Amino acid sequence: MDHPGHALDGIVTDAPARGRGHARRIVDELVDWLHEASIHYIQLHASEAGKPVYEAAGFVTGRYPGMDLITTPPAR
């Protein structure tokens, strides 16, 4: 079965650990891993608090807002 994308949901740094670069290192490693896997388009939905981390990693505001659709599987 083909999958149009994969999701990672909810990267959070506990308040006492913030400001130490943990989130940035995680983002950088994920981007590197995806690049090595020949995945060259990454879309994310950032909170206002998270935007600086992603901007520092090279993400830019896209031309199109992100949208999701979740459907209920058919009953069997």
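In what follows, the accompanying structure is described. All values reported here derive from a predicted model rather than from experimental measurement.

## Thoughts on the side chain of threonine 13
- Considering the arrangement of structural elements, one finds threonine 13 in the segment before helix H1 (22–36).
- Apart from the residues within four sequence positions on either side, threonine 13 is in contact with Arg18 and Ala23.

## Let's talk about the pattern of salt bridges
- Inspection of every chain in the model, using the stated rule, returns two salt bridges.
- Across the pair arginine 24 and aspartate 28 runs a salt bridge, and its minimum N-O distance is 2.9 Å. Of the two residues, arginine 24 and aspartate 28 are both situated in helix H1; the distance of four residues between them amounts to about one turn of the helix.
- For glutamate 48, the salt bridge goes to lysine 51, with nearest N and O atoms at 3.9 Å.

## Regarding H1
- Compared with an ideal rise of 1.5 Å per residue, which puts 15 residues at 21 Å, H1 spans 21 Å between its outermost C-alpha atoms and is within 8% of the ideal.
- Turning to H1, its buried residues number three or more, namely Ala23, Val27 and Leu34. Taken down its axis, H1 places every buried residue within 35° of arc, on the same side. Away from its buried face, by an angle of more than 90 degrees, H1 presents the exposed residues Glu29, Trp33 and Glu36.
- Against helix H2 (51–56) lie the buried residues of H1.
- One or two residues past the end of H1 sits serine 38, with phi positive at roughly 65°.

## Quick word on the packing of aromatic side chains
- By the definition in use, this model includes one aromatic pair.
- Centre to centre, the rings of tyrosine 54 and phenylalanine 59 are 5.8 Å apart; their planes meet at 80°, and the pair counts as edge-to-face.
- Judged by relative accessible area, which is 18%, phenylalanine 59 ranks as buried.

Calculation rules
Residues numbered from 1 in each chain as written. Predicted model: local features only at pLDDT ≥ 70, side-chain atom pairs only at ≥ 80, totals over all residues. Heavy atoms only, no water. Helix = DSSP H or I, 4+ residues; strand = E, 2+ residues; numbered from the N terminus. Contact = heavy atoms within 4.5 Å. Salt bridge = Lys/Arg side-chain N within 4 Å of Asp/Glu carboxyl O. Expected span 1.5 Å × (residues − 1). Buried < 20%, exposed > 50% of the residue type's maximum accessible area, 1.4 Å probe, protein only. Arc of directions from axis to C-beta. Phe/Tyr/Trp six-rings, centres within 6.5 Å; stacked < 30°, edge-to-face > 60°.

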